[in-house]
Amino acid sequence: MNRFPRVMGMRSGYDPVEVDALIGRIESTLGRGSHLLEPVTADEVRRATFRAVRGGYQETAVDFALEAFVVALETQAKRPVRLAMAEPTGDMLREEWFETQAARVERVGFRSGRMGTGYNEDEVDAFLDRIVATLRGTTDYPVTAKEVWTAKFSTVLFRAGYLIADVDSFLAGIADVLDQRS
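Residues numbered from 1 in each chain as written. Predicted model: local features only at pLDDT ≥ 70, side-chain atom pairs only at ≥ 80, totals over all residues. Heavy atoms only, no water.

Asks: What should I look at first to understand the pattern of salt bridges in this one?
Replies: Note on pairing: side chains with opposite charge can pair once their charged atoms come close. Scanning the entire structure with this criterion turns up nine salt bridges. R136 is paired through a salt bridge with E106; the nearest N and O atoms lie 2.9 Å apart. Taken together, the residues R136 in helix α5 (residues 121–136) and E106 in helix α4 (residues 94–107) connect sequence positions 30 residues apart. Judged by relative accessible area, which is 48%, E106 ranks as partly exposed. Residue D166 is joined to R111 by a salt bridge in which the shortest nitrogen-to-oxygen separation is 2.9 Å. Highlighted residues: D166 in helix α7 (residues 164–181) and R111 in the loop between α4 and β3 (117–119), separated in sequence by 55 residues. Through salt bridges with shared partners, one network takes in D15, E18 and R51. (Salt bridge = Lys/Arg side-chain N within 4 Å of Asp/Glu carboxyl O. Helix = DSSP H or I, 4+ residues; strand = E, 2+ residues; numbered from the N terminus. Buried < 20%, exposed > 50% of the residue type's maximum accessible area, 1.4 Å probe, protein only.)

Below is the structure:
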């Protein structure tokens, strides 16, 4: 498949096989291609390098497209993480549904804060652990939706911390799930 124009004559360009493989992963991440490919982040796209081969893709065309893909990936990453909000239907039992929600909380990943600021990772992780225990019904002190809405975390400067907007968006989406647990 020729996704991009190729260089002419004996000149070298980006290896089409490597470029097409990365584009496939990008499309999969954006929900446009095969969902079997490993997702890719905007940072991975920025760091991507390709071998030069004779008759390969024109480098400027590929670079321009990758810049657009970086914007699309960053835009997608800024969207709040949505948990399945509907109650279970069919064969799925209520407890299985809550287990699914708990697994989603365990898998969530937040981007690092910008300019060396963000929420304290240990505090956020501990709070998420409490949410998981609440969803699984394994705690004597369950987290309520109100606690999620009013949660406060320390901010850190000049060290690793979670991007505040990512954490706040995620927690806003999980409050309704916790309301259904009670």
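Asks: Any chance you could explain the nonpolar core here in plain terms?
Replies: Within soluble globular proteins, side chains that are nonpolar generally end up buried alongside one another. Residues L128, I131, V148 and L171 are the most contacted members of the largest nonpolar core, which totals 25 residues. Among the elements of the structure, α4, α5, α6 (145–150) and α7 are those that each provide at least two residues to this core. For this core, the element with the most residues is α7, which contributes seven residues. If we ignore the near neighbours within four places in the chain, the residues touching L128 are V105, V108, F110, F170 and L171. One finds Y14, I26, V40 and V62 within the second-largest nonpolar core, a separate group that totals 18 residues. (Core = buried A, V, L, I, M, F, W, Y, C linked by side-chain atoms within 4.5 Å. Contact = heavy atoms within 4.5 Å.)

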